[in-house]
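Here are the chains, one letter per residue:
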Amino acid sequence: MQTTVSLGIDIGGTNIAFGIIDKSGNCLANGSLPTTAYNTPQDFVQDLYKTVKKELDKLDVQLVGIGVGAPNGNYFNGTIENAANLSWKGTIPMVELLNKQFNVPAFITNDAKAAAIGEMVYGGAKGMKDFVVITLGTGLGSGIVVNGKLITAAERDDITYADNLSLVIS
């Protein structure tokens, strides 16, 4: 049976980092692309697909999902909305673009919240119920976990915001 992997993407103001991750949290391949090299998010997604496809073919693995951390990433809409540190302006339908190009489920959230989920599942906060992650890069952000749940501005009754993102990496 072919190993299944997820693609993690961190969109920053300067660089876009990505990693191909297995279920145990091992990074099988990674790389980065300069954010400012792409005039449109569509150009970025097409180039990312070509780059990642080469790595997936070398590894002989099956991609099953994508998780994206981005400035002003809106989980509920699947968009990046008016990010001050990106040259792409307005509302960007990033999840839709990734779904169409890669043909796998994709999820997006604020980059600091994505970092908190990563720490909770695989990192230094594994097993902790209450913690805060602060990110400092081109921007400043935070991800707050209380009682084992990521704090969000809004949640649906049937599934929390963090649950779907965890599906991508579990």
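For the structure, check the block above.
Starting afresh in each chain, residues are numbered from 1 along the sequence in its written order. Per-residue local features of the predicted model are confined to residues with pLDDT of at least 70, and side-chain atom pairs are confined, for both listing and counting, to 80 or more; whole-chain, interface and lining totals are unaffected and use all residues. Neither water nor hydrogens contribute to the side-chain values; these are computed over all heavy atoms in the structure.

**Concerning the sheet that holds strand E3 (residues 27–34)**
Strand pairing is defined by DSSP finding a minimum of two bridges between the two strands. Where helices and strands are cited, they refer to DSSP runs of H or I of at least four residues and of E of at least two residues respectively, numbered from the N terminus. Spatial strand order, E3-E2-E1-E4-E8: five strands in an open sheet with mixed pairing. In this open sheet, the two edge strands, each paired with only one partner strand, are E3 and strand E8 (106–110). Each adjacent strand pair in this sheet contributes to an overall mean axis angle of 15°, direction not counted. Relative to E8, strand E4 (residues 62–70) is paired through five bridges, and the arrangement is parallel. The residue bridging Gly69 from the neighbouring strand is Thr109, located in E8. Throughout, a contact is declared for two residues whenever any of their heavy atoms are within 4.5 Å. A fitted line through C-alpha atoms represents every axis, and for helices the fit uses only the stretch in contact; the resulting angles, taken between N-to-C directions, go from 0 to 180 degrees. Against the sheet, helix H1 (residues 41–59) makes contact with strand E1 (4–11), strand E2 (15–22), E3 and E4, and its axis sits at roughly 30° relative to E2, the strand it touches most. Helix-sheet contacts for helix H2 (residues 94–102) involve E1, E4 and E8, and the interaxial angle to E8 is about 150°.

**A look at the environment of Gly90**
Relative to the assigned elements, Gly90 resides in the loop between strand E6 (79–81) and strand E7 (91–92). Between the C-alpha atoms of Gly90 and Thr79, which are 11 residues apart in sequence, the distance is 9.8 Å. Setting aside residues up to four positions removed in sequence, Gly90 forms contacts with Ile80, Glu81 and Asn82.

**Digging into the packing of aromatic side chains**
Centres within 6.5 Å are what make two rings of Phe, Tyr or Trp a pair, Trp counting through its six-membered ring; a difference in plane orientation under 30 degrees is then read as stacked, over 60 as edge-to-face, and the rest as tilted. Counted by the stated rule, this structure contains five aromatic pairs. For the pair Tyr38 and Phe44, a centre-to-centre distance of 5.8 Å together with 65° between the ring planes defines the contact as edge-to-face. As far as the burial class goes, Tyr38 and Phe44 line up, both buried. When the ring of Tyr75 is compared with that of Phe107, the centres are 6.4 Å apart and the planes differ by 20°; the resulting orientation is stacked. Placement of the pair is Tyr75 in the loop between strand E5 (73–74) and E6 and Phe107 in strand E8, with a sequence separation of 32 residues. Residue burial is assigned from relative accessible area. The probe radius is 1.4 Å, only protein chains are included, and a residue is buried under 20% of its type maximum, exposed over 50%, and partly exposed in between. For Tyr75, a relative accessible area of 14% corresponds to the buried category. What links up through ring pairs into an aromatic cluster is the set Tyr38, Phe44 and Trp88.

**As for the pattern of salt bridges**
For side chains bearing opposite charge, pairing can occur when the charged atoms are close. By salt bridge we mean one thing: a side-chain nitrogen of Lys or Arg within 4 Å of a carboxyl oxygen of Asp or Glu. All told, the structure shown has three salt bridges when counted by the stated rule. Put simply, Lys100 and Glu96 hold a salt bridge, and the shortest N to O gap is 3.2 Å. Of this pair, Lys100 and Glu96 are both found in helix H2, four residues apart, which corresponds to roughly one turn of the helix. A relative accessible area of 43% places Glu96 in the partly exposed class.

**Some details on the pairing of E3**
Consecutive side chains of a regular strand alternate in pointing toward one face of the sheet and then the other. Two strands pair when backbone bridges link them, and E2 and E3 are joined in this way by seven bridges, in the antiparallel orientation. Bridge pairing links Gly19 to Asn30 in E3. Hairpin connection from E2 to E3: four residues lie between these consecutive antiparallel strands, with Gly25 at a positive phi of about 90°.

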